[in-house]
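One letter stands for each residue in the lines below.
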Amino acid sequence: MESDIILRVNGREWPLRVDTRTTLLDALRERLGVTSPKKGCDHGQCGACTVLLDGRRINGCLVLAVACDGSEVVTAEGLGTDGELHPVQQAFVDHDGFQCGYCTPGQVCSAVGMLEEVAAGWPSAAGRPVADTPVLDDAEIRERMSGNLCRCGAYANIVTAVRAAKEVSR
Amino acid sequence: MASTSTRAPVGLSSVTRDGIGASPRRPDGTLKVTGEFAYSSDMWMEDMLWGATLRSPHPHAEILGIDVSGALRLPGVYAVLTHEDVPGEKRYGLEYRDQPVLAFGKVRYKGEPVAIVAADHPETARRALERIKVDYRVLEPVSDARRAALDPDCPLVHEEGSLPLHEEHNQRGNRVRYQPIRTGAFADGASVEEVRALADVVVTGEYEVGMQDQAFLGPESGLAVPAEDGGVDLYIATQWLHVDQRQIAPCLGLPADKVRLTLAGVGGAFGAREDLSMQIHACMLALHTGKPVKFVYNREESFFGHVHRHPATMRYEHGAKRDGTLVYATMEIVLDGGAYASATPAVVGVASSLGIGPYEVPHVSVDAYGVYTTNPPCGAMRGFGAVQACFGYESQMDRLAAELGMDPVDLRIKNAVSQGSRIITGQEIDMPMPMAEMLRRAREMPLPPDRSSLPAPSDPRTLPGGVANTSHGEGIVRGIGYGVGLKNLCFSEGFDDYSTARVRLEVVGGEPAVTVHTAAAEVGQGLVTVKGQIARTELGVERVTILPSDTRVGSAGSSSASRQSYMTGGAVKTACEAVRERVFALVRERGLVEDGHPDALLSLSGGKVVSAAEGVLISLADLLGGEAIEETREYHHRPTQMLDPSRGQGSSHTQFGMCVHRAVVDVDVELGLVKVVALDAVQDVGKVMHPQQLAGQIQGASAQGLGLALMEEIQVHDGVIRNPSFTDYLIPTILDTPPMRIDVLEHPDPHAPYGLRGAGEPPTLSSTPAIVAAVRNATGRPLTHAPVRPEDIVGIDPPQG
C-alpha cells in the first residue's frame, strides 16, 4: 500500500509517495538523498540514525515515514545555521568526540535533543525523584546518551563535548 | 656571507602552526559532524543496481546443484551469478588463495556466499535470492578447533591437495600453521618434567578467549562502476586498497590497472576490512550488467560478511623460584581460523612469538596452532593474536603471584623485560621498554574514591546494573587488577611492508601550498590529520591538502598493525625531505647562499626559507613562483625474518609497543554484574604526534578490550552464529566505559620516524586481563574465560542447549 505524505526535512518540504512499510530512515536516505542519518543496525540498537522529529530525538529506523506526514525532521546536516556549525557539532569537532564519524550525526542529534530535554526539566531513567531539576553532570550525560553506540570508543570525548556544548548553550 | 647583509629580511621569526606534537582539528571533522562525509554506504548513482548475496544456510555441505532460473524470471532482476560466472581465478585470499569468490563443490561455513544478484531495488534483489534453488548434501561440521589441530582422524575441511602447501608453516591435516618455539633447555630437547624440577613453584592454567567481532558501525558496502575501457572503478571502504586490487583483478580476469579503487568513507575497520567482502561480487555484477552496482550489508549480514577475532584455547604452565624469578614457561594455543585462512598464518606468528609476554624466562616451549574448521572465518582484529595470548599469560602471572603470596605488580616488575632483553624468538628489544617504570606509574595513579565515600552510594548510576535498579548497593565488592601487553607494530616475518607518498609544493593564490597523496586508508585513526602535521613540520607550510586515497599512487600498505603513523608517516616525511632538498637546491641556484652552504643550516618555516645564521632568506612564494616541486617516495622499515619452523627463532618483528592497565571494578557478586569504575593506562608511544587523537586511540582500544573482558562474544554452536545482532552481541556503551586516566611516556625508538611507536593496538591487549583480574580480585573466582559471564561470577553452570 502506498500513501502520499509531506515530509519537512531540514526546512524544505517534500511531497512524497511512500510504501507504508518504508521507514523514515529509508525515505530520507533513499528517496530524498539525505544521507546524514546513518544505518548501523536497522533495529534501533545503535542510534546512528538518530534525527529530531518535531524536536524530539528518535531512531529513524524505528519510525515509519507514513507516520511522519506533516512532521518537521531535522538531521545533522540541518542543525547548523547560516553556514555555521551548531554548538554541539562545534564541540564535537573541538573535543575530538569521534573517530570514524559514522555514529556522529546520530550522536550530535541525540545530544541536541537531550540538552533540550534537560532544559525542559525531563527526568532521566536514573531514578532521581521526578521533582528534581535535572543536573547534567558527567554521569547524567552518560545516562542520557547511552542509546548511541560508538565502536571507536570515543565516549570520553563525547562526554567532554556534550559538557562543553551545554556550557555554550547556557 | 657579506652579500646577505644587503637583503632585507622578510621576517625574522617564522613559525609553522599545527605541525607534529600539536592537536589540530581533523580535516574531515566538519563533514563528519554534519553527516555530509560520504561513507561507502552513501554512494549513489541514478542508474545503479543493488547487489545481494545468497549465503549458505549450512556450516558444511556439498553443493549438488544450483538453479537460478526462478530468480532470473523475476522482473527487475538484471543478473544472477554463481561460481560458473567468475571470469578469472575462482579463489582469492589475503595470504593463501583458498577462499572461493562464490562457493563451488562445498560450502565450509554458514553464511558463505553462493550466488549474487543485481536488481533495480534492494527488495527485488532480496526476493530474487529466495528464488535461487541450491541442492545441498549436508556434511558433519568440523567445529572443534582442538580436534582439528591435534586429532589426525578429524575430517578435513579442505580436501587433500586442494591447497597450495607452505612447508615453512608445518601444514598438515587441518593445520593452517603450526609454529613451535623452543628456548633454553627445551631447545636442547629437555622434557617438561626435567625443566619442572628446576622450579620451586609451578602453576598451570587453561584459558579461553571467545570469538570477538570488530562490530564497526558502518556495515560492508561499496559501489562498482563499469568503465569504458572494459575495466571497473570501485568505491570502497577498506583498510588496504592495493591488496584488494591484487586480489580482485585476477578473479575478474583483468590486469590490475583496469581495476581502480578509490577509498570511500570508512565507518570503522578494526581489522574486519582487511579481507574482501563484497568487492569482487560488485565488480562482477557491474561488468556483467554494464551498470553501476551497489552493495550494502545489513547488521546481521555483516556478522557473516567479515572475519572475526580468532577464538583461542590456551594451556599454560609457569615455574618460578620461591622469590618469584621465572624459570620456565610452556604454552599451547589453538586458534580457530574457521573455514578459510585469511590472516591466520600471521596471527599464529604473533600469538606464538609473543606467547609468554614481556617477561624474561630462560626456558620456554610454545606450540601454536592455527586451524581450519567449518566455523566462521577468523582473521585480523585489533591486537591480532597478541590479545588472546595476553589474556593467557597475564592470568598466569596473577595465578603465580597468588601461589607465591607476592604482589602481582611486584612479580611482574621482577621478571619484566627492558631494552636489551630478548623475547623468546631470540629477537632483541632494541628500543626503550621501560616496563618496570610503567608498572610503578600505573600502581601510583590515584584510585577512585571508595563506594562508602560517595555522596550517594545508592545512586543506581554508580552500581553494576545501573538504572535497571538491580540492587541498592548490597552485595557489591570492589576489585583491582593489572595487565601488561607486548605488541608487535608494523607487519612481521619478512614481509616488505612499505608505504608510498607523493608530495607536491607549489604556490596557490600567492601562498605556498602542499598536496599530499597516498593510498593509505583513513579508518578513523586520524591519519589524515597526522599526514598534514608531518607536511607542515617538514616543509614549513601551513596550507596542506590531503588528496583522497586511491590506487593512482603506490601502495601504502594496510591500516593495520598500528603501522600507518610509522609507515605512511615515514613515507610522507621522506617525500617532504626530498621536496625540501630541491627547494634548497633552488636556493643555491639562485645564489641566495654560497655554494657549499650546508643544508643542515637551512630550514623551512612559516612559508619561508630560513638560514640558521642569517634568518629569513626568501619566502617560498617568491622562490617558487610558478614552479611546482613534486616528489614520490617509498618508505620501508628494516627487514624482518621468518620464524624458523622448528624452534621459532628469528627477529620477526619491526617494533614493539607496550601498554599497562590498572582496572578498578565493582562487582555485584549475587547477580554477576560488573561495573568498571576506572580503567587507567600507561603507554610508551615514543613520540606524541597528536595528543588529542592519541588519547582517543588509547581510550577506544581500552574500551574494545573492556568489551572482550565483560560482554563481547559471538556465540557459535556447531558452526552457527547464534547472536548476529546488537541486541544479542553487546558492545560497550557510554555507560559501560569508565573515565580513563592516561599517562603517556615518550622514549623514542631510534629506528622509527620521529621515534614514534604505533599506538592503536597495545591498549587492546592489556585492558582485558586487567579487568578480568580485577573481577577475580573481587570475587575469588578463577575466571578463565574471556568474556567473563555472569554465571562465572556467581559460580553456576551455564545454561545448556
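Basis of the calculations
- Residues numbered from 1 in each chain as written.
- Chains lettered and ligands numbered in written order.
- Predicted model: local features only at pLDDT ≥ 70, side-chain atom pairs only at ≥ 80, totals over all residues.
- Heavy atoms only, no water.
- Domains from an automatic or database assignment.
- Contact = heavy atoms within 4.5 Å.
- Buried area = accessible area lost by both parts, 1.4 Å probe.
- Salt bridge = Lys/Arg side-chain N within 4 Å of Asp/Glu carboxyl O.
- Polar contact = N/O pair within 3.5 Å; in protein donor to acceptor, adjacent residues only side chain to side chain.
- Phe/Tyr/Trp six-rings, centres within 6.5 Å; stacked < 30°, edge-to-face > 60°.
- Helix = DSSP H or I, 4+ residues; strand = E, 2+ residues; numbered from the N terminus.
- Buried < 20%, exposed > 50% of the residue type's maximum accessible area, 1.4 Å probe, protein only.
- Lys NZ or Arg CZ within 6 Å of the ring centre and 35° of its normal.
- Axes fitted to C-alpha atoms, helices over the stretch in contact; angles between N-to-C directions.
- Parallel < 35°, antiparallel > 145°, perpendicular 65-115°, else oblique.
- Left-handed = near helix turned anticlockwise from the far one by under 90°.
- Nonpolar A, V, L, I, M, F, W, Y, C, P; charged D, E, K, R; others polar.
- Pairing = 2+ DSSP bridges.
- pLDDT = per-residue confidence, 0-100.

Examining the domain arrangement of chain B
Residues and elements named next belong to chain B.
Link 1 in the chain: In terms of domains, chain B is made up of domain 1 (29-35 + 498-636), domain 2 (40-139 + 219-266 + 273-305) and domain 3 (437-491 + 648-794).
Link 2 in the chain: Measuring from the centre of the C-alpha atoms in domain 2 to the corresponding centre in domain 3 gives 37 Å.
Link 3 in the chain: Of the residues lining the interface, seven residues belong to domain 2; the matching set on domain 3 comes to eleven residues.
Link 4 in the chain: Across the interface of domain 2 and domain 3, roughly 750 Å² is buried in total on both sides, 81% from carbon and sulfur atoms.
Link 5 in the chain: Applying the counting criterion to the domain 2 and domain 3 interface returns zero salt bridges.
Link 6 in the chain: The tally of links from domain 2 across to domain 3 stands at zero residue pairs in polar contact (both at pLDDT 80 or more).

Concerning the packing of aromatic side chains
All names here are of chain B.
Link 1 in the chain: Using the criterion set out here, one finds 14 aromatic pairs over all chains in the structure.
Link 2 in the chain: With 4.7 Å between their ring centres and 20 degrees between their planes, Y178 and Y369 make a pair best called stacked. Taken together, the residues span a long stretch of sequence, with Y178 in strand β9 (residues 175-182) and Y369 in strand β18 (residues 363-371) at a distance of 191 residues.
Link 3 in the chain: A residue is classified by how much of its surface remains accessible, and Y178, at 14% relative accessible area, is buried.
Link 4 in the chain: The residue whose ring lies beneath K32 is F37, and the NZ or CZ to ring-centre distance is 4.9 Å.
Link 5 in the chain: In this structure, K573 packs its charged tip against the face of Y754, placed 5.1 Å from the ring centre.

So, the packing of helix α13 (residues 527-539) of chain B against helix α14 (residues 564-589) of chain B
Residues and elements named next belong to chain B.
Link 1 in the chain: Interaxial distance between α13 and α14 falls to 9 Å at its minimum, and their mutual angle equals 30 degrees. Between α13 and α14, the crossing angle belongs to the class labelled roughly parallel. The handedness of the crossing between α13 and α14 comes out as right-handed. On α14, the residues touching L527, V530, K531, I534, A535, E538 and L539 of α13 are Q564, S565, T568, G569, V572, K573, C576, E577, V579 and R580.
Link 2 in the chain: Here the contact of α13 with α14 is built from residues that sort into eight nonpolar, four polar and five charged.

Concerning the domain arrangement of chain A
Residue and element names in this part refer to chain A.
Link 1 in the chain: Along its sequence, chain A is organised into domain 1 (2-77) and domain 2 (87-169).
Link 2 in the chain: For domain 1 and domain 2, the distance between their C-alpha centres works out to 22 Å.
Link 3 in the chain: With 17 residues of domain 1 at the interface, the matching set in domain 2 holds 19 residues.
Link 4 in the chain: At the boundary of domain 1 and domain 2, one finds one salt bridge.
Link 5 in the chain: Across the salt bridge formed by R57 and E117, the nearest N and O atoms sit 2.9 Å from each other.
Link 6 in the chain: Here domain 1 and domain 2 share eight residue pairs in polar contact (both at pLDDT 80 or more) between them.
Link 7 in the chain: Of all the secondary-structure elements, those providing two or more residues to the side of domain 1 that touches domain 2 are β3 (50-53) and β4 (56-59).
Link 8 in the chain: Here the residues of the side of domain 1 that touches domain 2 sort into six nonpolar, seven polar and four charged.

Some points on the sheet that holds strand β2 (residues 61-67) of chain B
Link 1 in the chain: The strand order β6-β2-β8 (chain B) describes an open sheet built from three strands, whose pairing is antiparallel. In this open sheet, the two edge strands, each paired with only one partner strand, are β6 (106-107) and β8 (133-138) of chain B.

A word on the sheet that holds strand β32 (residues 742-745) of chain B
The strands that make up a sheet pair up through hydrogen bonds in the backbone, lying either parallel or antiparallel.
All names here are of chain B.
Link 1 in the chain: Here four strands make up an open sheet; going across it, the order is β20-β28-β29-β32 and the pairing mixed. Each having just a single partner strand, β20 (476-489) and β32 make up the two edges of the open sheet. Across the sheet, the mean angle separating the axes of adjacent strands is 20 degrees when strand polarity is ignored.
Link 2 in the chain: Bridge count between strand β28 (residues 655-668) and strand β29 (residues 673-684): eleven bridges; the pairing is antiparallel. Across the sheet, the residue bridging to A663 is L679, located in β29.

Focus on the confidence of the model for chain B
All names here are of chain B.
Link 1 in the chain: When the pLDDT values of chain B are averaged, the result is 96; 98% of them are 70 or greater.
Link 2 in the chain: Segment residues 1-13: pLDDT under 50, and 15 contacts once partners within four positions in sequence are set aside and those in other chains are kept.
Link 3 in the chain: Interface confidence in the predicted complex, given as ipTM, is 0.98; pTM for the same model is 0.97.

Examining the pattern of salt bridges
Link 1 in the chain: Scanning the entire structure with this criterion turns up 60 salt bridges over all chains.
Link 2 in the chain: With a shortest N-O distance of 3.4 Å, R97(B) and E89(B) are connected by a salt bridge.
Link 3 in the chain: Residue class for E89(B) comes out partly exposed when judged on its relative accessible area of 38%.
Link 4 in the chain: Two residues, R443(B) and D407(B), come together in a salt bridge whose shortest N-O distance is 3.1 Å. Of this pair, R443(B) sits in helix α12 (residues 435-444) while D407(B) sits in the loop between α10 (386-404) and α11 (408-414), and the two are 36 residues apart along the sequence.
Link 5 in the chain: In this structure, a network of salt bridges that share partners links the residues D137(A), E140(A), R144(A), D459(B) and R461(B).

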